[in-house]
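If you want the building blocks of each chain, they are given just below.
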Amino acid sequence: MDNARIGSLICQLRREKSMTQRQLAERMHISDKTVSKWERGLGCPDVSLLAALSDTLGVDLSQMLDGQLTTNHILGGNMKRIKFYVCPNCGNVLTALADTSISCCGKKLLPQRLQKAEEADKLKAERMENDYFISSDHEMTKEHHISFVALMTDDTIIMRKQYPEWDLQMRIPFFSRGRLVWYCTKHGLFYQKI
């Protein structure tokens, strides 16, 4: 750990939050001299304070300990780069267009690997008026089901959450082209062009 880098980051984040050293110290239930010592690189926060400090400053704990924040490059509106993160415990679905650090239920999540669906596994997509009617004979039990279906175009994503023990039937607005993406709780993330 580099005390000077960590201290510099704490100072930067504190100022971004428009807090004085005294205000930060009061929130942390420590003295303002301790905050000053950290910011000058003469010491590091005690392990027992790290979680509360990262919450107060609104920064990821691992990046605070690294002493620098990682900044992603600004991306255009291209949804082809979207990454899906699915929590294996609660089923929470999160998306990101750039590399990110995401955790849920106390565990760090990795992006799901997108697989092209085999012909037998594809969802049925029929055009009905101004929508697609999406359906599937996929098993929909608590242990094995499709948890969400999304329609992606170059600049749009429309996602529908699915529930176990319900038939997979839904309508999604029609777009002239795109791809369907869905997540099977046993086999992972799939796509097909429509």
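Residues numbered from 1 in each chain as written. Predicted model: local features only at pLDDT ≥ 70, side-chain atom pairs only at ≥ 80, totals over all residues. Heavy atoms only, no water.

1. Some remarks on the sheet that holds strand E10 (residues 168–173)
Working definition: the strands of a sheet are paired by backbone hydrogen bonds and lie parallel or antiparallel to each other. The condition is simple: Pairing between strands is defined by DSSP: at least two bridges between them are needed. Starting at the N terminus, helices and strands are each numbered in turn, a helix being any DSSP run of H or I of at least four residues and a strand any DSSP run of E of at least two. To get an axis, fit a line to the C-alpha atoms, keeping to the stretch in contact for a helix; angles then go from 0 to 180 degrees between the N-to-C directions.
Spatial ordering of the open sheet is given by E6-E7-E10, a layout of 3 strands whose pairing is antiparallel. Whereas interior strands pair on both sides, the edge strands pair on one side only; in this sheet they are strand E6 (124–128) and E10. Within this sheet the neighbouring strands show an average axis-to-axis angle of 25 degrees, counted without direction. Relative to strand E7 (residues 131–136), E6 is paired through 5 bridges, and the arrangement is antiparallel. Among the inter-strand pairings, Glu126 is bridged to a residue of E7, identified as Phe133.

2. Section: the packing of aromatic side chains
Two numbers describe a pair of aromatic rings. These are the distance of the centres and the angle of the planes. To keep it simple, the criterion reads: Between the rings of Phe, Tyr and Trp (Trp by its six-membered ring), a pair exists once the centres lie within 6.5 Å; its type follows the angle of the planes, with under 30 degrees stacked, over 60 edge-to-face, and the other angles tilted. Burial classification: accessible surface area is computed with a 1.4 Å probe over protein chains only, and a residue below 20% of its type maximum counts as buried, one above 50% as exposed, and the rest as partly exposed.
What the rule picks out here adds up to 5 aromatic pairs. Plain terms: the ring middles of Phe84 and Phe148 are 5.4 Å apart, the flat faces sit at 25 degrees to each other, and that makes the pair stacked. On the criterion of sequence distance, the pair formed by Phe84 in strand E1 (residues 83–86) and Phe148 in strand E8 (residues 146–152) is long-range, its members being 64 residues apart. Across the pair, exposure class does not vary: Phe84 and Phe148 are buried alike.

3. Some thoughts on helix H3 (residues 32–39)
Convention followed: It is the directions from the helix axis to the C-beta atoms whose arc is reported. We call two residues in contact whenever any of their non-hydrogen atoms come within 4.5 Å of each other.
Among the residues of H3, those classed as buried are Val35, Ser36, Trp38 and Glu39. Taken end-on, H3 shows its buried residues confined to a sector of 160 degrees, consistent with a single buried face. Tucked inside the fold, the buried residues of H3 contact helix H1 (3–16), helix H2 (21–28) and helix H4 (47–57). Directly after H3, the chain includes Gly41, whose backbone phi takes a positive value near 75 degrees.

4. Examining the pairing of strand E12 (residues 188–193)
Of all 6 residues in E12, 5 are buried, a share of seventy percent or more. Bridging between strand E5 (residues 114–116) and E12 involves 3 bridges; their strand directions are parallel. Residue pairing in the sheet places Lys116 in a bridge with Tyr191 of E12. Taken together, the 6 bridges between strand E11 (residues 179–184) and E12 define a ladder with antiparallel strand orientation. Across the sheet, Tyr183 pairs through a bridge with Leu189, a residue of E12. What sits between the antiparallel neighbours E11 and E12 is a turn of 3 residues.

5. Concerning the sheet that holds E5
The strand order across the open sheet formed by 5 strands is E5-E12-E11-E8-E9, and the pairing between neighbours is mixed. Looking at the sheet topology across the chains shown, the edges are occupied by E5 and strand E9 (157–161). Across the sheet, the mean angle from the axis of one strand to that of its neighbour is 25 degrees, orientation sign disregarded.

6. Quick notes on the packing of H2 against H3
The condition that has to hold: Just so you know how the angles are binned, under 35 degrees is roughly parallel, over 145 roughly antiparallel, 65 to 115 roughly perpendicular, and the rest oblique. Crossing handedness follows the turn of the near helix against the far one: under a right angle anticlockwise gives a left-handed crossing, and clockwise gives a right-handed one. Following the grouping adopted for this structure description, the nonpolar residues are Ala, Val, Leu, Ile, Met, Phe, Trp, Tyr, Cys and Pro, the charged ones are Asp, Glu, Lys and Arg, and the polar ones are all others, Gly among them.
Their axes nearest at 8 Å, the elements H2 and H3 cross at an angle of 115 degrees. With respect to each other, H2 and H3 are oriented roughly perpendicular. Note on packing geometry: the crossing formed by H2 with H3 is right-handed. For the pair H2 and H3, contact is made by Gln21, Arg22, Leu24 and Ala25 and by Asp32, Val35, Ser36 and Glu39, respectively. Grouping the amino acids of the contact of H2 with H3 by side-chain chemistry returns 3 nonpolar, 2 polar and 3 charged.

7. Brief notes about the pattern of salt bridges
Definition in use: When a carboxyl oxygen of Asp or Glu is within 4 Å of a side-chain nitrogen of Lys or Arg, the pair counts as a salt bridge.
This model, assessed by the stated rule, comprises 8 salt bridges. With its nearest N and O atoms 3.3 Å apart, the salt bridge here joins Glu119 to Lys122. Given a relative accessible area of 63%, Glu119 falls into the exposed group. By relative accessible area, Lys122 is classed as partly exposed at 30%.

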